[in-house]
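Here is what each chain is made of, one letter per residue.
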Amino acid sequence: MAMKCALSEELPVDEYLITEEPYYVPVGNEVEIFIAAYRNKLPVNLKGPTGCGKTRFMEYMAWKLQRPLITIACHEDLTATDLVGRFLIKGENVEWSDGPLTKAVKSGAICYLDEVVEARKDTIVVIHPLTDDRRIIPIDKLGVIVKAPDEFMLSVSYNPGYQSIVKDMKQSTRQRFVAIEFDYPPAELEKQIVAHETHVDEQTAARLVEIGQSIRNFKHHGLEEGVSTRLLIYAGKLIKEGIEAKEACKIAMSQPITDNQDLQRSIDEIIAAIM
Ligand code: ADP
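Given the structure is predicted, the values throughout are model-derived calculations rather than measurements. (Residues numbered from 1 in each chain as written. Predicted model: local features only at pLDDT ≥ 70, side-chain atom pairs only at ≥ 80, totals over all residues. Heavy atoms only, no water.)

(A) Structural context of the sheet that holds strand β6 (residues 110–114). Spatially, β3-β6-β9-β2-β10 is the arrangement adopted by the five strands of the open sheet, whose pairing is parallel. The sheet is open, and its two borders are formed by β3 (69–73) and β10 (178–181), each paired with just one other strand. Strand-to-strand, the axes of this sheet are offset by a mean angle of 20°, without reference to chain direction. Here strand β2 (residues 44–47) pairs with β10 via four bridges, running parallel. Counterpart to Val-44 in the pairing with β10 is Val-178. On the sheet, helix α1 (residues 30–39) packs against β2, β9 (153–158) and β10 and is oriented at approximately 165° with respect to β10. Together, β2, β3, β6 and β9 form the strand contacts of helix α2 (residues 54–65), whose direction differs from that of β6 by roughly 175°. (Pairing = 2+ DSSP bridges. Helix = DSSP H or I, 4+ residues; strand = E, 2+ residues; numbered from the N terminus. Axes fitted to C-alpha atoms, helices over the stretch in contact; angles between N-to-C directions. Contact = heavy atoms within 4.5 Å.)

(B) Quick look at the packing of helix α7 (residues 187–198) against helix α9 (residues 229–240). Two elements in contact, α7 and α9, have axes whose closest approach is 9 Å; the angle formed by their N-to-C orientations is 45°. Viewed along their axes, α7 and α9 adopt a mutual orientation that is oblique. Both α7 and α9 take part in a crossing whose hand is right-handed. Of the residues in α9, those in contact with Glu-190, Ile-193, Val-194, Glu-197 and Thr-198 of α7 are Thr-229, Leu-232, Ile-233, Gly-236, Lys-237 and Lys-240. (Parallel < 35°, antiparallel > 145°, perpendicular 65-115°, else oblique. Left-handed = near helix turned anticlockwise from the far one by under 90°.)

(C) A look at the site of the ligand. Taken together, 16 residues form the shell around the ligand, and within it Val-25, Gly-51, Thr-55, Glu-197 and Arg-230 come nearest. In the model, an oxygen atom of the ligand is placed 3.2 Å from a nitrogen or oxygen of the Gly-53 main chain. Here an oxygen atom of the ligand and a side-chain polar atom of Arg-230 are 2.8 Å apart. Here the ligand, which alone exposes 560 Å², has 91% of that area covered by the protein. The cavity that encloses the ligand is the largest pocket. Elements with a minimum of two residues in the shell around the ligand: α2, α7 and α9. Considering only residue class, the shell around the ligand consists of seven nonpolar, five polar and four charged. (Near = heavy atom within 4 Å. Polar contact = N/O pair within 3.5 Å; in protein donor to acceptor, adjacent residues only side chain to side chain. Areas by Shrake-Rupley, 256 points an atom, 1.4 Å probe, with all protein chains shown as cover. 1 Å grid on protein atoms, 1.4 Å probe; cavity = no way out; pocket = protein on both sides within 12 Å on 5 of 7 lines; lining within 4 Å. Sits in = over half its atoms within 2 Å of the grid points. Nonpolar A, V, L, I, M, F, W, Y, C, P; charged D, E, K, R; others polar.)

This is the structure:
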């Protein structure tokens with residue numbers, strides 16, 4: 001069996017370029033902070049609950065900085081090989097195939113590891129040499145070390161709400177990133193976002209946000225996490241399709257966020273009072 005082992009010089013990263021400006025409403029000075037981190041080659045950790053705008057922010061920043069965005073959804077079966085690359089059998093040949101992280105390094109892309117704590121710790125150590133002054137990725141299987149160009153940036157997201165001893169970020173990883181804290185946008189901005197994303201009228205958007213805020217107060221009463229901006233948008237989209245408003249809110253809010261029937265009933269009461 002022939003062995004063809006060349007590093008792919010031409011990287012098809014155009015598909016990762018974001019050509020149209022993504023809709024993103026800045027909540028604070030996160031855009032300026034991200035640009036400052038990018039200029040200084042500092043890796044960034046976006047901390048915050050699910051569905052509060054971290055992915056949208058990354059898309060916006062990649063567009064603004066004109067870099068391809070390679071997103072990797074982390075999970076516990078993700079291996080270092082999945083990130084770095086592997087040999088693949090192609091017909092008679094064995095060919096090297098770059099993993100998404102290597103591809104991002106070589107093309108000077110922004111690599112975004114979503115929900116980084118989901119990945120095993122032995123997988124995550126492959127990002128360590130990319131997060132300090134070395135900015136390299138060793139490809140052991142090829143016996144080469146690739147140095148990241150200045151344009152390359154690594155960012156990760158992390159939901160502190162899901163903290164557990166098994167799934168927590170090691171300090172040795174944690175302390176390699178500057179951290180930008182994300183949360184649900186303030187009511188006025190969230191209303192604007194919900195209206196923009198769903199095309200519901202302003203009053204409906206305002207009510208959805210009010211419901212969201214009231215549900216978030218339940219967090220201290222047994223709810224694992226508040227209702228996300230994403231779910232408010234889902235509710236708005238269902239309403240726009242003609243689903244009755246209270247029904248839409250149940251389907252998009254009280255049902256998805258908890259299986260506890262008492263909590264669901266309490267949330268439905270909030271929905272009934274506001275919608
Ligand atoms: P996360 O990555 O934090 O889980 P997303 O970025 O997917 O969440 O956010 C969910 C949705 O909420 C987005 O698709 C977008 O429609 C909306 N959204 C949240 N925050 C903002 C924001 N600041 N500007 C514009 N849209 C936002």
